[in-house]
Amino acid sequence: MAVRRQRHHVAVVCLLLCCVTPAVPIPDPRHREALMQLEASMQTGGQVVPSEAEQRLDARLRKLKEEEMARADFPPAMHFFKARHLIRNSPIYSLLQKMPKGSCDAHTQSCFNCKISNHRFVSGGVLHVHDFSMVEVEWLVRNVTYRPHCYMCLTDDQSIRFLFSSSCPKPLPHCSPWTLLENLRAKMVNTTDLDNSIMGNLTLFTEQDPEAAYPSQDVVWKKFERAFLVMWGLVTHAPVFRDYYYQGLAQFYMDNVMYLELRALLPETYELDGSTHDRAWTLKTYQEITRQFVAEHPDFFGARIIVTAHRGLNASMVTAAVEEAMKLQRDFPEIMAGFDLVGREDNGRSLWYFREALSLPAERGVTLPFFFHAGETDLQGTEVDQNLLDALLFNTSRIGHGFALLRHPVAKDLSRKGGVAVEVCPISNQVLKLVTDLRNHPAAVLMSEGHPLVISSDDPAMFGASGLSYDFYEAFVGFGGMSSNIGSLKQLAMNSIRYSSLSPEQQEKAMVMWQRKWDKFVSENSF
C-alpha cells in the first residue's frame, strides 16, 4: 500500500502560515488549502495514495455519489426497510456488489459452486456477525421447513416454535399441540400465506411503516429476541445446523467476503431421536465445514469463531462459560478466536459485574482474547454505559458497535492509540433505534478522524439484508458523504484483515489475496 507521509508536514506548514501571516479581511487561500489537506489526510483512507486506475474509479464514484445525494429520497436518511429497494437500484450499490445474472440461485444448493463475478467490490472480511442471523430467512422457510419431520406449534403470544422429531414431540408449555408441517401443507391449496407468515416470525423486516411497527427500543428488541427463539428449533437440528452454516458462508462468499469471524453461542444440537451433541461437537462442526468450504472455494480465506455467552446469565454461569471457553481455545486453536458476551446491553449485566469471571484467563496465564460488545447504548451515565471503559480494561481486541464512544473521550483515545478497532454495524444500529438518519451516526465522526474501524452487518437476516454490501453502502454514502472516496473504501476493506484475529503471517497471506482481487476490480471498473 502506497501511503502519504505528509500529515505532519502539512500540519507544520499550516501552523507556520497561520502564525506568520497577519490577520487580513480575506484569509490567504493557501491557508485554507492547507487546512483542507490536513483534514482530508486525517480521515479513513486519507493517507492512501491512489493509482491512476483508482483515481479514475474514484472520479466515477464521486459523480455517482453527487447524483445520489441530490435525490429527495436519499437512502441513508431513511429507515433501511424503506430504503432497501432504493439501495438495490442504486448505481453505487451495483458497483459495490454486482451479482452474476442468471447463473445461480441464492436459495438453492446450486449457488455453492457458482463463479463469483470479478467485477464486484472486494470487501475483505466481516468481523461482527452472529451465528443464527447469517442466512436469508427465505432459505430457512423454502428449504428447511419443507424437510420431513418438521413440527410447528403456536405459542400463547402468537409466536411459533419448531422441532424436528421422528415422532410427535411432547407438548411444550404455553404452546398449541405440535403440527407436522408436511401434513399441514398437504391440506392447503396455496401455501404462500403460511410461508410468508413464518418468514414474518423470523425477521424484523416489515413492509409496513417501521417507525409505527417498532415505536421504541423495547418493542423492537422484544421482536428481535423472539425471532431467535423461533429460529432455534430449526437451526439447532444437527443436519440443518451443518447446512445452515455452509449456506451462510456461501451467501457471504457470494457477496465477495473472503474472511469471516462469527459470534456463536455454540448451542447443543439434536438429532431426530432426541439425542444431543455438546458444545465441543458444535465447534468441531464449525471447523469441519469451514475446512470443507475453503477446499471447495480456494479464494475464500476462512472463518473463525468467537464463542459467546449471554450477558443475562448470572456470575457463576459466566464463570463456567469462561472456563469452557479456555478449554475450547486449547482444543480448537485453529477455529476459535476468543470470547464475548452478547444480548441487549441496556437490559443485561455490565462487564464489571462479571469482572471475576473475566479475570480468570489472566490469573491462570491462559490466552483467551476478548471481543466485547460495548457501547451499544444511548443511555449515558448508566452502569452499562461504562462497558466501553471496562472492555478496554479487560484488554478487548475489538469493540463491538461502540455507538457511545464519542461520549467517552478517554475510551476513544485509548481505543485509537491502542489500535482497538470499532466494529460498526450501521443498519443494525438504525433498525434497533439508536440512530434515525445514518448521516448522524457517531461513526461519521470516527471516520473523519481516521479512528480504527471495520464495517460489519451484525444480524443481516434479521434486517432483511444479506452479506455485507448494504452496510458498506450505508457507511460509504451515509457516513462519509462527499468526503469518503476510493481511499476510504480501500482502507475499510484492508482494516477487516488488519484488525482480524488472524496471526500476522495469516494476515499477510490474506492481504496478498485481497490485493489481487482489488487490483482486478479496479482495473475492470476504472473507465
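Fair warning: this is a prediction, and the values are worked out from it, not measured in the lab. (Residues numbered from 1 in each chain as written. Predicted model: local features only at pLDDT ≥ 70, side-chain atom pairs only at ≥ 80, totals over all residues. Heavy atoms only, no water.)

### Comments concerning the side chain of R84
Within the secondary structure, R84 sits in helix α4 (residues 80-88). Buried R84, no salt bridge; nearest opposite-charge side chain is E207, N-O distance 4.7 Å. Residues contacting R84, with those up to four places away along its chain left out, are F205, G464 and Y470. (Helix = DSSP H or I, 4+ residues; strand = E, 2+ residues; numbered from the N terminus. Buried < 20%, exposed > 50% of the residue type's maximum accessible area, 1.4 Å probe, protein only. Lys, Arg positive; Asp, Glu negative; His and termini not counted. Salt bridge = Lys/Arg side-chain N within 4 Å of Asp/Glu carboxyl O. Contact = heavy atoms within 4.5 Å.)

### Regarding the sheet that holds strand β3 (residues 160-164)
Reading across the sheet, the three strands line up as β3-β2-β4 and stay open at both edges, with antiparallel pairing between neighbours. The open sheet has two free edges, formed respectively by β3 and β4 (179-180), since each of these has just one partner strand. Two strands pair when backbone bridges link them, and strand β2 (residues 150-154) and β3 are joined in this way by five bridges, in the antiparallel orientation. Note that in β3 the partner of C150 across the bridge is F164. Sheet strands touched by helix α10 (residues 217-235): β2 and β3. Its angle to β3, the strand with the most contacts, is close to 10 degrees. (Pairing = 2+ DSSP bridges. Axes fitted to C-alpha atoms, helices over the stretch in contact; angles between N-to-C directions.)

### Focus on the environment of C168
The residue C168 is located in the loop between β3 and β4 in this model. With 336 residues separating them in the primary sequence, C168 and P504 have C-alpha atoms 52 Å apart. If we ignore the near neighbours within four places in the chain, the residues touching C168 are Y151 and W178.

### Digging into the pairing of strand β1 (residues 124-130)
Of all seven residues in β1, seven are buried; the element is thus mostly enclosed. Of the strand pairs in this sheet, β1 and strand β5 (residues 257-264) are connected by five bridges, and their pairing is parallel. Paired with V129 across the bridge in β5 is L262.

### Quick notes on helix α14 (residues 355-363)
Residues that lie three or four places apart on an α-helix share one face, since the helix turns once every 3.6 residues. Along α14, the residues classified as buried are A357, L358, L360 and P361. Buried residues along α14 cover an arc of 130 degrees about the axis, so they all sit on one side. In this structure, α14 carries E356, A362 and E363 as exposed residues pointing more than 90 degrees from its buried face. Taken together, the buried residues of α14 touch α13 (315-331) and β9 (336-342). At the exit of α14 stands G365, carrying a positive phi of roughly 70 degrees. (Arc of directions from axis to C-beta.)

### Observations regarding the confidence of the model for the chain
A residue-level look at the chain finds 91% of positions with pLDDT of 70 or above and a mean pLDDT of 91. Across residues 1-7, confidence stays below pLDDT 50; counting only partners more than four residues off in sequence or on other chains, it has 17 contacts. Considering only residues more than four positions removed or in separate chains, one finds that residues 98-120, a stretch of pLDDT under 50, has 52 contacts. (pLDDT = per-residue confidence, 0-100.)

### Points about the pattern of salt bridges
Counted according to the given criterion, the structure contains 28 salt bridges. Between E68 and R71 there is a salt bridge whose closest N-O contact spans 4.0 Å. Through salt bridges that share partners, E261, R263, D340, R398 and E423 make up one connected network.

### A look at the state of the cysteines
A full pass over the atoms with the stated rule returns one disulfide. Paired by a disulfide, C153 and C175 hold their sulfur atoms 2.0 Å apart. Its S-S torsion of approximately 95 degrees makes the covalent link between C153 and C175 right-handed. On the criterion of sequence distance, the pair formed by C153 in strand β2 and C175 in the loop between β3 and β4 is long-range, its members being 22 residues apart. (Disulfide = S-S within 2.5 Å.)

### A look at the sheet that holds strand β12 (residues 421-424)
As summarised here, the arrangement of the four strands in space is β10-β11-β12-β13, forming an open sheet in which the pairing is parallel. Here the strands that pair on one side only, and so sit at the sheet edges, are β10 (373-374) and β13 (453-455). Here β12 pairs with β13 via three bridges, running parallel. By the bridge assignment for β13, V422 is matched with L453.

### A look at the packing of helix α3 (residues 52-69) against helix α21 (residues 504-525)
Closest axis-to-axis distance for the α3/α21 pair is 9 Å, and the angle between their directions is 60 degrees. The angle between α3 and α21 places the two elements in the oblique class. Relative to α21, α3 is oriented so that their crossing is left-handed. Here A53, E54, L57 and R60 of α3 come into contact with α21, specifically with W518, F521, V522 and N525. Class assignment of the residues belonging to the contact of α3 with α21 gives a composition of five nonpolar, one polar and two charged. (Parallel < 35°, antiparallel > 145°, perpendicular 65-115°, else oblique. Left-handed = near helix turned anticlockwise from the far one by under 90°. Nonpolar A, V, L, I, M, F, W, Y, C, P; charged D, E, K, R; others polar.)

### Observations regarding the environment of H277
One can find H277 in strand β7 (residues 276-277). When the C-alpha atoms of H277 and D255 are compared, they prove to be 32 Å apart, with 22 residues separating the residues in sequence. Looking at H277, its side chain comes within polar contact range of the side chain of E271, at 2.7 Å. (Polar contact = N/O pair within 3.5 Å; in protein donor to acceptor, adjacent residues only side chain to side chain.)

### Things to note about the environment of K520
Relative to the assigned elements, K520 resides in helix α21. According to the relative accessible area criterion, K520 is partly exposed, its value standing at 36%. Sequence-wise, K520 and E52 are 468 residues apart; in three dimensions their C-alpha atoms are separated by 14 Å.

### Here's the deal with the packing of aromatic side chains
Here the structure, examined in full by the defined rule, presents 21 aromatic pairs. With a centroid separation of 5.7 Å and 80 degrees between ring planes, the pair formed by Y253 and F293 is classed as edge-to-face. One end of the pair, Y253, is in helix α11 (residues 238-254); the other, F293, is in helix α12 (residues 279-296), with 40 residues separating them in the sequence. Its relative accessible area of 8% is what places Y253 among the buried residues. We classify F293 as buried; its relative accessible area is 0%. On the basis of an interplanar angle of 50 degrees and a centroid distance of 5.8 Å, the ring pair of W518 and F521 is categorised as tilted. Residue W518 and its partner F521 are both found in helix α21; the two are separated by three residues, about one turn of the helix. Exposure remark for W518: the relative accessible area of 0% places this residue in the buried category. Following the ring pairs from residue to residue traces out a cluster consisting of F132, W139, W232 and Y244. Stacked on the ring of Y146, the Lys or Arg R185 has its end atom at 3.7 Å from the ring centre. (Phe/Tyr/Trp six-rings, centres within 6.5 Å; stacked < 30°, edge-to-face > 60°. Lys NZ or Arg CZ within 6 Å of the ring centre and 35° of its normal.)

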